[in-house]
Amino acid sequence: MSRKLRYGLGALLVLGIVWFLSGFERVPVTVQVGMSGEARLRPFLAAERFAERMGLPARELRALPELDRLGQGGVLVMPRQRQSIESLRAAQLAAWVANGGHLIVEAEYQGTRDPLLDLLHIARAAGGESSNKPRVVEVPGSARKLTVATFSRGRLDAQGQAPRFRVGAPGAEQILSIAHGKGLVTAVLDLQFARNRHVGEHDHAELLWHLLTLQPAQELLVFHHPRRLSLWGFLVEHAWGALVAAAALLALWLWRIAPRYGTVQPDPPLARRRLLDHLRASGRYFWSRGLRARLAAAARDAALRRVARAYPDFAVATPAEQCTRLIALAGLSRADAEHLLDAAARHEPRGAEFIRLVHSAQRVHLALEGGRG
């Protein structure tokens, strides 16, 4: 590479650096990272802290029984998704409001029953504005106008009751406050302006404070009934990697133990058993059932029938003659011959006695076949 070419490339590089530095600059960028810590679990934490700074004590109710111990002179904020509140407890809340309480209640989504608002004679309807574009709200008794964003589509209807405060045109309110006995009910189509993410935008905090002070209050209560603990939800949130690995291992294990489909092999031929196997099995069955007497009688009868076939006069001989014939034929002792002849009349023989009787019968069979046992 020539010297002039190197100088030219160096000059271009310097000019590019100068152009970049003069035309670009670093600027800060805001990135939404979402809520963290306690604010992630308590959606109205910022509103509670705001009320405390304004001199109104605030606390959170996290269990249904706490609604049965509400003190007088408080303001209770109830967001939507409160289906756990049954009709009896809703009636108790209405009675608490009638005795001087202030209830700020968020309407349920369209298509979902809202027994609490129905009990307080506040109806919901479709229609209305649906935009987060700010709108101007006039505060009664004050020249100040608040800028508030609307987040939900719909409207509230007081059903002929005169509201003390409203946001929206008559018949299409998104916020309205009506008297209920000695107390006050504030129905809000959407409490999004009071949640952590939006309470600091526009004049949302000032609107919230105005709602909290529509009636004198001693403390702010926020009902937050958390969802039931779910092991599956916890694992998905904190251990999804372990779940994926476990699913992969389960799939590999199922693949490993699954049967392989291929050529069907013929069934192996059944082994043909001998007659002796059947006889041995039958004998074992009778022996296990305690039927040795039946086996002994069968052995005695088989031997004596064979003797009677070979010597027809044996059947009509006297017992003494039969005993003598067996001694001479098979070489049995007198005791064994008498035992063989009396086997059918005896009770259950013992093991040694049974073996001796069968041995005697076998000697008779051998003798008739031409041998001596």
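Just above, that's the structure.
Residues numbered from 1 in each chain as written. Predicted model: local features only at pLDDT ≥ 70, side-chain atom pairs only at ≥ 80, totals over all residues. Heavy atoms only, no water.

Peer 1: Please provide a residue-by-residue account of helix 11 (residues 319–330), values included.
Peer 2: Across its twelve residues, helix 11 extends 16 Å between first and last C-alpha, which sits within 8% of the 16 Å expected from 1.5 Å per residue. Lining the buried residues of helix 11 we find helix 10 (292–310), helix 12 (334–341) and helix 13 (351–368). Phi turns positive, to about 70°, at glycine 331, one or two residues after helix 11. (Helix = DSSP H or I, 4+ residues; strand = E, 2+ residues; numbered from the N terminus. Expected span 1.5 Å × (residues − 1). Contact = heavy atoms within 4.5 Å.)

Peer 1: Quick rundown of the sheet that holds strand 10 (residues 183–188)? Include the residues and the values.
Peer 2: Here we have seven strands laid out as an open sheet, ordered 1-11-2-3-10-9-8, and mixed in their pairing. Strands with a single pairing partner mark the edges of an open sheet, and in this sheet they are strand 1 (58–61) and strand 8 (165–167). Put simply, the sheet's adjacent strands are angled 20° from each other on average, direction ignored. One ladder, built from six bridges, connects strand 9 (residues 175–180) with strand 10; its direction is antiparallel. Residue isoleucine 178 lies in a different strand from strand 10, and its bridge partner there is valine 185. (Pairing = 2+ DSSP bridges. Axes fitted to C-alpha atoms, helices over the stretch in contact; angles between N-to-C directions.)

Peer 1: Can you tell me about the pattern of salt bridges, naming the residues and giving the values?
Peer 2: One side chain can pair with another of opposite charge once the charged atoms of both are near each other. On inspection of all chains with the given rule, the structure shows ten salt bridges. Residue arginine 300 is joined to aspartate 301 by a salt bridge in which the shortest nitrogen-to-oxygen separation is 3.0 Å. It is possible to trace a salt-bridge network through shared partners that takes in Arg80, Glu106, Asp190 and Arg195. (Salt bridge = Lys/Arg side-chain N within 4 Å of Asp/Glu carboxyl O.)

Peer 1: Run through a nonpolar patch on the surface, naming residues and quoting values.
Peer 2: The grouping of Leu13, Ile17, Trp19, Phe20, Leu21 and Phe24 at the surface amounts to a nonpolar patch, some 710 Å² of accessible area in total. Note that isoleucine 17 resides in helix 1 (residues 3–23). Classification of isoleucine 17 as partly exposed rests on a relative accessible area of 45%. (Patch = residues over 30% accessible without salt bridge, like charges linked within 9 Å, V, L, I, M, F, W, Y side chains within 5 Å. Areas by Shrake-Rupley, 256 points an atom, 1.4 Å probe, with all protein chains shown as cover. Buried < 20%, exposed > 50% of the residue type's maximum accessible area, 1.4 Å probe, protein only.)

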